[in-house]
Structures are given as structure tokens and as C-alpha cells.
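Chains, contacts and geometry: an overview
Residues per chain are reported as follows:
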Amino acid sequence: MAPAAATNRSYREVLRDRGVAGLLAGDLLAGAGTGMLLVAMPVQTLAIHGRVPVAVAVGLVAAAPFVLSTALATVIGLGRAGLSPRTLLIADCVLRALTFTALGVLAVTDRLTLPVLLGGLLIGSVFRLAGSSGRRLLATSMAGDDGRFAVNGLLGLNASVALYVVGPVLGGIVVAAAGPGVALLADAGGALILLAAVLVSAPRDAGPAGGRPSAGESGWSILRRRPVAARLLVVVFFFNFLYMPIEVALPLYVRDTLDAGPSALGLLWGALGAGAFVGAALVNQLRDLPQRQLLIAIVGLWALCPIALSVVGGLPAAMIVFGLGGLVWAPFTPVAYSFVQSGLAPEEHQPVVTLWTTGATVAAPLGLLAGGPLIELAGVTGGLVLSGVLTLLLAPLAAVAVLGRR
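All of the points below concern the structure found in this document.

We now examine a nonpolar patch on the surface. A cluster of nonpolar side chains, Phe277, Val278, Leu282, Ile320, Leu324 and Leu327, forms an exposed patch at the surface whose accessible area comes to about 530 Å². Those elements that place two or more of their residues in the nonpolar patch are α11 (262-281) and α13 (315-329). Considering every element that reaches the nonpolar patch, the biggest residue donor is α13, with three residues. Mapping valine 278 onto the fold places it in helix α11.

Set out below in C-alpha cells:
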């Protein structure tokens, strides 16, 4: 499987396509609503966790959206015939809008409990992973082969700006001023915006990678013929798994170590997003570098972030550390997806990308569920150090897996 060929299309050239630009704009606005939840969900959980240990409750709430969505995406990825990516994305937007509206109303009226929140997140996120892979498939198929790398980079740029800059900063302000329930309602509004963008911008038949796939091989069968991609998926799984305890530790780190409130948590996520924005903006300039070596370097450099975060005790220093971590981390996902997609036939994109997204993302609930007890036992500082050290040990293993055999 060869590295992705360099594309001649820049970000600006890809955005001249009104359909691609419209879909990406909807994704950006929807991501801002979701980014607000990075602040709202921990704050809401701290208010309703009851007798459940706080770190465990935060981990459960963060993991809940991945459970049923992982099961559905696995069925699609392992199956031989799939649904249209456009249909899956529309279903995700509709269900998410309805569920988060209900959760937001309950939160605003002080009737939301931890079991109800967990149940709502389980149900409302059923199509989350399938919709996420569908969004990527739609955008890359609309841009064509020569625009794939740029579109993957732009999706990463959207995530950096919306999920980690605009969203958390707005979330911190909204939660402090009006409460986390309003942020839940804002995420429901973002889902409706993305729904409108899909209906207007994405054609019903966006090409072989974006339309309804024909019956053929499963994603697992295709990956078995591409052992480097399969081994890279294992690396990505553990990279994501070892990151997740940081999400559990961060609200407690802000509260206990920094002695700060929701606004500080939003600023910390915003710092990560600011660094990620710069890193994502540079992705298109990295297309000629050896992608396997680049991915391994990112793993090693990111590992230093939680270790450094554990030794700083002030918000400005923590923001600098997290910002540098975002700069390093941002290129990882777009480079990995472009590398995998470069070796696929058009009809192979949906099963492989869906299975890849599932395999990479299933690490999230597992890491979050492990992160709760880990932070309870090791403490915030110990958990951050352990996450960084284990990720650092992953780098040489990744080099053997990805570079050892071609």
C-alpha cells in the first residue's frame, strides 16, 4: 500500500466547489455546538453524579455516546452491503437534535438525573460513528481523488476550530452564565444546521465512495489484504485509548490543581484547539513527507504533553503545554485517513472507512471507562504521567508495526 500521492489542489481550490464548501460550513457550525459539550458535560455530571465517584461518573458520561454507535458502525464495517453515507449522516443529525433538545430541557428545568443523561447519550448517539464516517466519505468523494488530502485536512481544521477553540470557549461562557443545559440545546441546534447543509449541499449520489455501495467484500476482508493499514489501525487504537484518561483528568485538574472553574476548562480546551488550528492549517504542506514516519513522530511528541501538563500548576503554563500538544496532534487523523484511503478502490471506501473509524474510535469508551478508576487510584497527576509514559512506549512499537514490514 503506497503513501498517498501528492495532490495539486490546495484548500482554497477545494473550497471553490460550492457543495464541498457548504458541507464543510455545516460541519464547522455543528462542531461548535459539540465543542461546548466538552465543558458542559463534566460540569453537568459534577452536579448530578450523586453517590457515584466523580471520576467514574465523568468517565461513564464521556463513554456513553460511543457504546451503541460502535456496535452499529461495526455491523456496517463488517457487512458486505451498507447504507448510503448521506442517509446515515441525516439519521445522525435528526436523532441527535431530538435527543439533545430533550436533555437540554430537562437540564434547564433541573430534572436531569445521571441515569437519564446516560440513557439519552446512549440513544441519541446511535448513528454517531456511522454519521462521522459518512460525512468524511461524502466530502472526499465530492472533492475527488486530487482533493482528498485537502478535504481530510479541512475536516481536521474544522475540528480544531469548532471542537477545541470556539466550542469550549463559548461553552465556558454559556455554562458560567446560563448553565450546562443551554449548551445541550446549542448542540441540538448545531445538528439541525448540519442537517440543512447535507440536504442542500450533498447530492443524493456523490459518486462511488459517497453513494450507496454495492455488495462486495467486507471492510475486514479488504484490510486483511492491506496489512500495513491493519497494523496502523492497531497503533491508532492504542494512541486514542491512552489519550482518553486525559479527558477524565482534565476537569478535575482544573478544579483541584489549578483551583479554577468552567471558564478555565474552556480556555484550556481552547488552547488545545488554537494549537490544533495551526497544525491542521499546515496539513496540506505535509503531503510530500513520508507519512508513516510522520505518524510515528506525532505519537512520540504528543506523549510529552500530558507529562508536561502534570508538572505545571498555573493556567497560563497549562495553556501553553496544551496548545503545543494540539499543534503536534492535529495532523494525525487527516494524514492517517488519507494514507488509508489512497490505496482503496471507490467501492471499498465505505466499508473500510467505517470499520477504520469504528476501530479507532472504540478506544474512546474503553479508555474513558478505564480512565475513571485510573484517576481515582493514581490521582490526577499520576494519571497524566501514566498516560504520557505509556504513549511514549507506544512510539517504538508503532515504528516496528508500521515500518518493519512493507
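Glancing now at unusual backbone geometry. A positive phi angle, near 60 degrees, is found at aspartate 110, a position not held by glycine. Relative to the helices and strands, aspartate 110 resides in the loop between α4 (85-108) and α5 (114-124). Positive phi, close to 55 degrees, is recorded for aspartate 259, a residue that is not glycine. By relative accessible area, aspartate 259 is classed as exposed at 66%.

By size, the foremost hydrophobic cluster in this structure holds 115 residues, and its most contacted members are Tyr253, Leu309 and Phe322. Per-element accounting of this core gives the leading share, 16 residues, to helix α10 (residues 227-257).

This next bit is on helix α7 (residues 148-178). At glycine 167, α7 shows its largest bend, some 40 degrees, and a proline, proline 168, comes one to four positions later. Downstream of α7 by a residue or two, glycine 179 has a phi angle that is positive, lying close to 100 degrees.

Attention now goes to the side chain of aspartate 92. Within the element layout of this structure, aspartate 92 appears in helix α4. It turns out aspartate 92 is buried and unbridged, and the closest side chain with the opposite charge, arginine 96, is 5.3 Å from it. Contact partners of aspartate 92, with chain neighbours within four places excluded, come to Phe127, Arg128 and Gly131.

As a further point, take the packing of aromatic side chains. Tallied over the full model, the rule gives five aromatic pairs. Taking the centre distance of 5.9 Å and the plane angle of 55 degrees together, the rings of tyrosine 243 and tryptophan 302 count as tilted. Of this pair, tyrosine 243 sits in helix α10 while tryptophan 302 sits in helix α12 (residues 291-309), placing them 59 residues apart in sequence. Note on tyrosine 243: relative accessible area 13%, which makes it buried. The buried category is assigned to tryptophan 302, whose relative accessible area is 2%. With centroids separated by 5.8 Å and ring planes inclined at 55 degrees, the aromatic side chains of tryptophan 269 and phenylalanine 322 adopt a geometry described as tilted. Taken together, the residues span a long stretch of sequence, with tryptophan 269 in helix α11 and phenylalanine 322 in helix α13 at a distance of 53 residues.

What follows is about α5. By the burial criterion, the buried members of α5 are Leu114, Leu117, Leu118, Gly120, Leu121 and Gly124. Angular distribution of buried residues about the axis of α5 spans 165 degrees; they occupy a single face of the element. In α5, the exposed residues that point more than 90 degrees away from the buried face are Pro115 and Ile123.

Its location among the elements puts leucine 366 in helix α16 (residues 363-403). The exposure class assigned to leucine 366 is partly exposed, which follows from its relative accessible area of 41%. Separated by 238 residues in sequence, leucine 366 and arginine 128 place their C-alpha atoms 16 Å apart. The residues touching leucine 366, leaving out its near neighbours within four places in the chain, are Phe237 and Phe241.

The full count for this structure, using the stated rule, is three salt bridges. Of the charged contacts, one joins arginine 96 and aspartate 187 as a salt bridge, the two residues approaching to 2.9 Å between their closest N and O atoms. Of this pair, arginine 96 sits in helix α4 while aspartate 187 sits in helix α8 (residues 180-201); the two residues are 91 residues apart in sequence, bridging distant segments of the chain. By the burial criterion, arginine 96 is buried, and aspartate 187 matches it. A salt bridge links arginine 255 to aspartate 256, with the nearest nitrogen and oxygen atoms 3.0 Å apart. According to the relative accessible area criterion, aspartate 256 is partly exposed, its value standing at 46%.

Turning our eyes to something else, we now look at the packing of α7 against helix α14 (residues 332-341). α14 packs onto α7 with a crossing angle of 150 degrees between their chain directions and a minimal axis gap of 9 Å. One finds that α7 runs roughly antiparallel with respect to α14. The hand of the α7/α14 crossing is right-handed. Residues Arg148, Phe149, Asn152 and Gly153 of α7 form the contact with α14, whose participating residues are Pro334, Val335, Tyr337, Ser338 and Gln341.

About the thresholds
Sequence order sets the numbering: in each chain, residues are counted from 1 along the sequence as written. Under the rules for a predicted model, residues below a pLDDT of 70 receive no local features and side-chain atom pairs below 80 are neither given nor counted, while totals for whole chains, interfaces and linings still include all residues. Side-chain numbers here rest on the full set of heavy atoms in the structure, without hydrogens or water. Within the patch definition used here, like charges are joined within 9 Å and nonpolar side chains (Val, Leu, Ile, Met, Phe, Trp, Tyr) within 5 Å, considering only residues with over 30% relative accessible area and no salt bridge. Working definition of accessibility: Shrake-Rupley area with a 1.4 Å probe, residue cover restricted to the visible protein chains. In what follows, salt bridge is the name for a side-chain nitrogen of Lys or Arg lying within 4 Å of a carboxyl oxygen of Asp or Glu. By the criteria applied, helices consist of DSSP H or I runs no shorter than four residues and strands consist of E runs no shorter than two, each listed in order from the N terminus. Note on exposure labels: buried denotes an accessible area under 20% of the residue type's maximum, exposed denotes more than 50%, and partly exposed covers the range between, all computed with a 1.4 Å probe on protein chains only. Buried Ala, Val, Leu, Ile, Met, Phe, Trp, Tyr and Cys residues form a nonpolar core when they are joined through side-chain atoms within 4.5 Å. For a residue, the bend is simply the angle between two axes, fitted respectively to the seven-residue segment ending there and the seven-residue segment starting there. Charged-residue counts in this description rest on Lys and Arg as positive and Asp and Glu as negative, His and the chain ends being excluded. What makes two residues a contact is simply this: any of their non-hydrogen atoms within 4.5 Å. The rule is short: rings of Phe, Tyr and Trp, with Trp giving its six-membered ring, pair when the centres are within 6.5 Å, and they are stacked under 30 degrees, edge-to-face over 60, tilted in between. This arc is taken over the directions from the axis of the helix to the C-beta atoms. For helices, the fitted line uses only the C-alpha atoms of the stretch in contact; every axis is such a line through C-alpha atoms, and the angle between N-to-C directions lies from 0 to 180 degrees. Put simply, angles under 35 degrees are roughly parallel, angles over 145 are roughly antiparallel, angles from 65 to 115 are roughly perpendicular, and the rest are oblique. Each crossing is labelled by how the near helix is turned from the far one, with a counterclockwise turn of less than a right angle marking it left-handed and a clockwise turn marking it right-handed.

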